[in-house]
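Residues per chain are reported as follows:
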Amino acid sequence: MAFLALAVLGLTACGGDNGSPAGTADFKKEASGSLSAWAFDNADDVGKARMQYAVTQLPGVKITMDQTPFDAQKFTTRAASGDVPDVVQMDRAFVATYAAQGLIKPLDGCFSAHGMDPKKQFYPAVTEQVTYQDKIWAVPQFYQPAAIILNQDVLQAGGVSAGDIDTSDKTKLLDAVAKTYKSSGSNPSTLGFDPVAGGQAELWLLGQGGKLMDDKGTPALDDPANIEALTLLKEIYDAQGGYAKAKSFSDSFDTFGKDNQFVKKQVGAQVDAQWYVNVLASYAQSLKISAVPFKDKDGKPFTVAGGTSFVIPAGAKNADAACAWMTSLVTDEAWSAAGAARAEKIASTPGAINTGLFTGSPSADKLIRDKFVKASGNAGFDEAIATYYDVLPTGKSLGASPAGQTIKTELNNAIASALLGTKTPDKALADAQAAAKRAADQVGS
């Protein structure tokens, strides 16, 4: 599985008055001394291989890891007290918030010191999410695109083709749902299409032409296209017993187990991030899956580019080592080492399928796909893997805002209230917008 848990917290000394973003930060290429990292837990083969590579690049640096997960409240408390490590991994949604508060260092000088151009190293949508006030504040890693995994046994039994699962054509999609949805009494027993509104809300809004924020980071949750997207989501759930029952049913899925929703034929199609193909690969002999891209309102393949990143906090004692370590972890060489480790693990596991790694870097993704991702002999899985690789260039940034995490929280609240019917979609999003705007104004002041 992807190195989802590599979260290393490094807080670097950086200027900034009254909580405003720091202006500049100088870095030297040479690194030595001690490096402390926080929010690192449960490293897998991919993470360990990358860290081992980084160690070879920093022979004069002693690295200490705090293997506890990232916590936003703990981060701000530690930053206020000055008790900070040198590197942190966090969701990219947090980055602009901490940049606006002056709690992390701008990294343009870090990239320059190590000869890395982030505009070339990472996908544009990935870089955009860590860019605030024309400066780059984090080193991105991973990019988990979303697509739609198809359970062919369920679809074929309902007379539904892959082309019918089309998020740009409401009539066709709802017809496919009606043909494949099954219930036991008043409760769902098979969801024809699980849109995963709680985990993939941004995909639906941006895919319909909406947005979470404007170009300046101001919340825009009440955008008319967002209302249209949320209305469509409600129609999909209402056609399958309603959100409350569908959500209760999906919460019961054995998502990571041998009785998962695809094996048990509890879904006909489901929106999933790429990592879930890796989970299903363990049960390939029991499944007949494939995938199609999520489509935007114009019928074009579409995804969003969320993921994690590394930052250097504004009180870090060894910013130069932090910079050297972070950038070494996202080089093509580090990812090649990770790809080799994953390939070795797969080779030693009978029946395993290499589903690839999705790094945030176009060159690293191509390197890993060309070198390690080979035809598995399972046409459906190979098609699913190819679908996720094919949608990578279509990714759109979620945006960068000082109120980024609040925007995400308020959006989820709006989704739940609208789908449950306690508020209309426009009222739910208007309320969410008001709350997010208050948070943005507070940060701005």
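Our structure is the block above this text.
The structure contained in this document is the topic of the report that follows. (Residues numbered from 1 in each chain as written. Predicted model: local features only at pLDDT ≥ 70, side-chain atom pairs only at ≥ 80, totals over all residues. Heavy atoms only, no water.)

**A closer look at the packing of aromatic side chains**
Taken as a whole, this structure holds 17 aromatic pairs when the rule is applied. A centroid spacing of 5.2 Å and a plane angle of 80° characterise the contact between Phe142 and Trp335, whose relative ring orientation is edge-to-face. Taken as a pair, Phe142 in the loop between strand S7 (139–141) and strand S8 (146–151) and Trp335 in helix H14 (residues 332–347) lie far apart in primary sequence, 193 residues in all. You'll find Phe142 and Trp335 in the same group, each marked buried. Arranged with centres 4.9 Å apart and planes meeting at 90°, the rings of Trp204 and Phe294 form a pair that is edge-to-face. Of the two residues, Trp204 is situated in helix H9 (residues 197–207) and Phe294 in the loop between strand S12 (289–292) and strand S13 (303–304); the sequence distance between them amounts to 90 residues. Residue Trp204 shares its accessibility class with Phe294, and that shared class is buried. The ring of Trp335 carries the charged tip of Arg50 above its face, separated from the ring centre by 4.0 Å. (Phe/Tyr/Trp six-rings, centres within 6.5 Å; stacked < 30°, edge-to-face > 60°. Helix = DSSP H or I, 4+ residues; strand = E, 2+ residues; numbered from the N terminus. Buried < 20%, exposed > 50% of the residue type's maximum accessible area, 1.4 Å probe, protein only. Lys NZ or Arg CZ within 6 Å of the ring centre and 35° of its normal.)

**Observations concerning the environment of Thr56**
With respect to the helices and strands, Thr56 occurs in helix H1 (residues 45–57). Classification of Thr56 by relative accessible area gives exposed; the value is 52%. C-alpha of Thr56 to C-alpha of Ala400: the two residues are 344 residues apart in sequence and 34 Å apart in space.

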